[in-house]
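Observations on chain architecture
So you can see what is in the structure, the chains are spelled out below.
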Amino acid sequence: MTKAVLINAGRLDFDGKLDFSRLDEACGAAVTRHDDHTPSPEAIAAYAVGHATLVTKEVPVDVKALPDSVRLICEAGTGFNNINLEDARARGITVCNVPAYSTDAVAQLVITHVLNFSASAHLQQRRLARGDRSLFHGDASAKKSAFEAFGEIPHFELAGKTIGLVGGTGAIGARTAELARAFGMDVLVWSRSARDCERGRWRAARDLPHLLSASDFVSLHCPLTDQTRGLIDADALKAMKPTAFLINTARGALVNEAHLARALRDGAVAGAGLDVTDPEPPAEGSPLYDLENVVLTPHIGWKRLETRQRLMDAVAANVEA
């Protein structure tokens, strides 16, 4: 049995509804839990003293600074970008993650953004928030202004529209493709391994520019690596249709946000739905807060209760393994 510490339990159990019993059982004792949401690497090293297993949720870990007691790092998430695997290998520390726990939740969030933009719900809510109720008045004169105002807001059906999935051959991309096709959408996928899907769920784009230029929605599903950092930059945005929308539920740093803000402001793209940003939350004064054609969500793709419970049970299974 192993003594374990969960260094940022507050980020996972923010509502106090998670059941940690399976993880406690896997570790042979109650897991030490700290409520830090974003502990520093120095704090993580201090929390890890005397523990063999370190459970983290998407915070940078300085593997070289960890005490000798640590033999296992469990990333309670899909990526390894916060853990230097070479340093862990050099110290004989096993590292594991949970790649598929949020498949349904994130795919549903992508489609939520698609539906939101297709009905221009974001623009209507922004108008209400600033006190413009012309679309909702009932007298005859207001009805006229409502029709005029409605003409300024685009609405369209999804059948026949194209969604392009960047790096979309994994579980989340495949589930997103399935949901999009239920609405009659055409699905394009681009990644190094993308091929036409034998079950007809998607077509493989020739290359990234092809996907960007052909898509009405572009959704990011690739991991953050040195090769994908800043993948969506000014050139990529210029390749998109001015009527197209960008959706990012993967990693904030995949997008050059300064370039995106400029493209959104200039009308080079129609809008963006961002569940992830760089940093999180966006810096004070970021134009993303004020642009009418941006929908920001605070990295909620994984935060549904069922999703988080599935995650913790999978972490327990990793410890058992």
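All values reported here derive from a predicted model rather than from experimental measurement.

For the rest of this paragraph, the subject is the overall build of the protein. For the protein, the helix and strand inventory stands at 12 helices and 12 strands. In terms of overall dimensions, the protein is globule-like: its C-alpha atoms have a radius of gyration of 22 Å, near the 20 Å expected for 321 residues. Projected onto the principal axes, the alpha-carbon positions of the protein cover approximately 70 × 45 × 35 Å. Taking all 321 residues of the protein together, the buried fraction comes to 51%. Here the analysis covers contacts within the protein between residues at least 6 apart in sequence; of these, 63% occur between residues at least 24 apart. Accessible area for the protein stands at about 15100 Å²; split by element, carbon and sulfur atoms hold 51% of it.

One open sheet holds the five strands; their spatial order is 2-1-3-4-5, and the pairing between them is parallel. Looking at the sheet topology across the chains shown, the edges are occupied by strand 2 (32-33) and strand 5 (94-96). Note that strand 1 (residues 4-6) and strand 3 (residues 53-56) share three bridges and pair parallel. Paired with valine 5 across the two strands is leucine 54, which belongs to strand 3. Lying over the sheet, helix 12 (residues 305-320) contacts strand 1, strand 3, strand 4 (72-75) and strand 5, oriented at roughly 160 degrees with respect to strand 4.

As a packed pair, helix 5 (residues 103-118) and helix 8 (residues 171-182) sit with axes 8 Å apart at the nearest point and diverge in direction by 45 degrees. Viewed along their axes, helix 5 and helix 8 adopt a mutual orientation that is oblique. Relative to helix 8, helix 5 is oriented so that their crossing is right-handed. Note on element contacts: helix 8 touches helix 5 through Ala171, Ile172, Arg175, Thr176, Leu179 and Ala180, opposite Thr103, Asp104, Val106, Ala107, Gln108, Val110 and Ile111.

We now examine the side chain of histidine 221. As for its placement among the helices and strands, histidine 221 is situated in the loop between strand 9 (217-220) and helix 10 (234-239). What makes histidine 221 buried here is its relative accessible area of 15%. Polar contacts involving the side chain of histidine 221 include one to the side chain of serine 219, which spans 2.8 Å. With residues near it in sequence (within four places) discarded, histidine 221 still touches Val110, Leu165, Val166, Gly167, Gly168, Ile172, Gly173, Thr176, Thr249 and Ala250.

Here glutamate 58 shows up in the loop between strand 3 and strand 4. Here lysine 57 takes part through its side chain, which lies 3.3 Å from a polar atom of the side chain of glutamate 58. Excluding residues within four positions of it along the chain, glutamate 58 makes contact with Arg11, Glu75, Gly77, Asn82, Arg251, His299 and Trp302.

Below, the discussion takes up the packing of aromatic side chains. On inspection of all chains with the given rule, the structure shows four aromatic pairs. Where phenylalanine 117 meets phenylalanine 245, the ring centres are 4.5 Å apart and the plane angle is 20 degrees; that geometry is what we call stacked. Linking phenylalanine 117 in helix 5 with phenylalanine 245 in strand 10 (residues 245-248), this pair joins segments that are 128 residues apart in sequence. Per residue, the accessibility class of phenylalanine 117 equals that of phenylalanine 245, and both read buried. Geometrically, the ring pair formed by phenylalanine 156 and phenylalanine 217 is tilted, given 6.1 Å between the ring centres and 45 degrees between the ring planes. Pair noted here: phenylalanine 156 is in the loop between helix 7 (140-150) and strand 6 (162-166) and phenylalanine 217 is in strand 9, with a separation of 61 residues, a long-range link.

Now for the pattern of salt bridges. Inspection of every chain in the model, using the stated rule, returns 10 salt bridges. Close ionic contact of glutamate 58 with lysine 57 constitutes a salt bridge, the shortest N to O distance being 3.3 Å. Linked by salt bridges that have partners in common, Arg11, Lys57, Glu58 and Arg251 make up one network.

Cut-offs and rules
- Residues numbered from 1 in each chain as written.
- Predicted model: local features only at pLDDT ≥ 70, side-chain atom pairs only at ≥ 80, totals over all residues.
- Heavy atoms only, no water.
- Helix = DSSP H or I, 4+ residues; strand = E, 2+ residues; numbered from the N terminus.
- Rg over C-alpha atoms; globule rule 2.2 N^0.38 Å.
- Buried < 20%, exposed > 50% of the residue type's maximum accessible area, 1.4 Å probe, protein only.
- Contact = heavy atoms within 4.5 Å.
- Areas by Shrake-Rupley, 256 points an atom, 1.4 Å probe, with all protein chains shown as cover.
- Pairing = 2+ DSSP bridges.
- Axes fitted to C-alpha atoms, helices over the stretch in contact; angles between N-to-C directions.
- Parallel < 35°, antiparallel > 145°, perpendicular 65-115°, else oblique.
- Left-handed = near helix turned anticlockwise from the far one by under 90°.
- Polar contact = N/O pair within 3.5 Å; in protein donor to acceptor, adjacent residues only side chain to side chain.
- Phe/Tyr/Trp six-rings, centres within 6.5 Å; stacked < 30°, edge-to-face > 60°.
- Salt bridge = Lys/Arg side-chain N within 4 Å of Asp/Glu carboxyl O.

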